[in-house]
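Summary of structural features
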Amino acid sequence: FVKWVQANLPKIAEEAESWKRLHAGPDLFAAVAGRFDAEALRVIEEAVASGDHAQLIAAASILLEVPRLLVFENVEYVQRLLALAGQAGDEHVQRIGGALSAAVSSGARVGTPGQPFAEDVEQRDRAREIAQSLPSGSVTQHLYLSLQASAEHSIKWHADRDELMDGRNW
């Protein structure tokens, strides 16, 4: 795996703005990695630590594929990624943070009408708990507060939508 990544991450990063690379590269990375274990996460972290614009873009696109729970279960990793991205500039903090946020929020949700999705409730509660444990005003706290707010918005939006559907006149 490491040899494949060393050979191919530069290729994914070669045309960093190419939509084909931004979408197919992460899928290929996830397929080769099999799962996002410590080795795969280290490779992503090294790409972010490189400070190279193209590698940061490639790493952010790969982060879109991480399991949603990784962001909640590996807060120290998230802090390191955001700190490393910060060394390359605010643009990259936004890019890495956005990718992590998208990884949490993406995927199908199944639920009962009139009830919030379990994933949204979990996201709200875990993000709130983590944000409270982080240094006030930190980039990482901002990410988790944003995840909390996003979940709260989703819960409210679905509740409002369910009310409209249940109050129909036909």
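Note: the structure precedes this text.
Residues numbered from 1 in each chain as written. Predicted model: local features only at pLDDT ≥ 70, side-chain atom pairs only at ≥ 80, totals over all residues. Heavy atoms only, no water.

A few points about the overall build of the protein chain
What counts is decided by this rule: Counting from the N terminus, the helices are DSSP H or I runs at least four residues long and the strands are E runs at least two residues long. When a residue's accessible area, from a 1.4 Å probe over protein chains only, is under 20% of the maximum for its type it is buried; when over 50% it is exposed; and in between it is partly exposed. Note on definitions: a residue-residue contact is assigned when non-hydrogen atoms from the two residues lie within 4.5 Å.
The helix and strand tally for the protein chain stands at 9 helices and 0 strands. Reading the secondary structure of the protein chain in the N-to-C direction produces α-α-α-α-α-α-α-α-α. Taken across its 170 residues, the protein chain has 40% of its residues classed as buried. Counting contacts in the protein chain only where the partners sit at least 6 residues apart, residues at least 24 apart contribute 70% of the total.

Describing helix H7 (residues 90-105)
Here is the rule: Expected span of a helix: the number of residues minus one, times 1.5 Å.
In this model, H7 (16 residues) spans 22 Å end to end at C-alpha, consistent with the 22 Å of a helix rising 1.5 Å per residue. When H7 is considered as a whole, its buried residues turn out to be His92, Val93, Ile96, Gly97, Ala99, Leu100, Ser101, Ala103 and Val104. Just downstream of H7 lies Gly107, where phi reads positive at about 105°.

A look at the packing of helix H6 (residues 75-88) against H7
Convention followed: Interaxial angle, 0 to 180 degrees, is taken between N-to-C directions of lines fitted to C-alpha atoms, where a helix line uses only the stretch in contact. Any angle that falls under 35 degrees is termed roughly parallel, while one over 145 is termed roughly antiparallel, one within 65 to 115 roughly perpendicular, and all others oblique. Polar here means any residue other than Ala, Val, Leu, Ile, Met, Phe, Trp, Tyr, Cys and Pro, which are nonpolar, and Asp, Glu, Lys and Arg, which are charged; Gly is therefore polar.
At a closest axis distance of 7 Å, the pairing of H6 and H7 adopts a crossing angle of 150°. When the axis of H6 is compared with that of H7, the two are roughly antiparallel. For the pair H6 and H7, the contacting residues are Val78, Leu81, Leu82, Ala85, Gly86 and Ala88 in the first and His92, Val93, Ile96, Gly97 and Leu100 in the second. The class makeup of the residues in the contact of H6 with H7 is 8 nonpolar, 3 polar and no charged.

As for the layout of surface pockets
We count it as follows: Here a cavity is any set of points on a 1 Å grid over the protein atoms alone where a 1.4 Å probe fits but cannot get out, and a pocket is any open set with protein on both sides within 12 Å along at least 5 of 7 lines; a residue lines the site when it has an atom within 4 Å of a point. Grid points are joined across faces, edges and corners, and a volume is the space filled by probe spheres set on the points.
Taken as a whole, the largest pocket holds about 170 Å³ of empty space. Looking at the largest pocket, the residues that line it are Leu82, Val93, Gln94, Gly97, Gly98, Ser101, Val139, His142, Leu143 and Ser146. Those elements that provide at least two residues to the lining of the largest pocket are H7 and helix H9 (139-166). Considering every element that reaches the lining of the largest pocket, the biggest residue donor is H7, with 5 residues. Split into classes, the residues belonging to the lining of the largest pocket amount to 4 nonpolar, 6 polar and no charged.

Looking at the environment of Arg124
We count it as follows: Whenever a nitrogen or oxygen atom comes within 3.5 Å of another N or O atom, the pair is scored as a polar contact, on the condition that within protein one atom can donate a hydrogen and the other can accept it, and that pairs from neighbouring residues in sequence are kept only if both atoms are in side chains.
In this fold, Arg124 is placed in helix H8 (residues 118-133). The sequence separation of Arg124 and Ser154 amounts to 30 residues, and the corresponding C-alpha distance is 9.8 Å. For Arg124, the residues in contact, after removing those within four places along its chain, are Gln148, Ala151, Glu152 and Ile155. Polar side-chain contacts of Arg124 include one of 2.8 Å to the side chain of Asp125.

Structural notes on helix H4 (residues 53-63)
The buried fraction of H4 is high, at 9 of 11 residues. For H4, the full list of buried residues reads Ala54, Leu56, Ile57, Ala58, Ala59, Ala60, Ser61, Ile62 and Leu63.

Side note on the packing of helix H3 (residues 38-49) against H4
We apply this condition: In this scheme, a crossing is called left-handed if the near helix is turned counterclockwise away from the far one by less than a right angle; it is called right-handed if the turn is clockwise.
The geometry of H3 relative to H4 is characterised by a closest axis approach of 8 Å and an angle of 145° between their N-to-C directions. Judged by the twist between their axes, the crossing of H3 over H4 is left-handed. Across from Ile44, Ala47 and Val48 in H3, the residues of H4 making contact are Gln55, Leu56, Ala59, Ile62 and Leu63.

Thoughts on the nonpolar core
Which entries qualify depends on this criterion: Buried Ala, Val, Leu, Ile, Met, Phe, Trp, Tyr and Cys residues form a nonpolar core when they are joined through side-chain atoms within 4.5 Å.
One finds Ile44, Val48, Leu63, Ile96, Tyr144 and Leu147 to be the most contacted residues of the largest nonpolar core, which totals 36 residues. For this core, the elements supplying multiple residues, two or more each, are H3, H4, helix H5 (70-73), H6, H7, H8 and H9. At 7 residues, the largest contribution of residues to this core is made by H6. In this view, Ile96 contacts Val48, Leu56, Ala60, Leu63, Leu81, Leu82 and Ala85; residues no more than four positions away in its chain are not counted.

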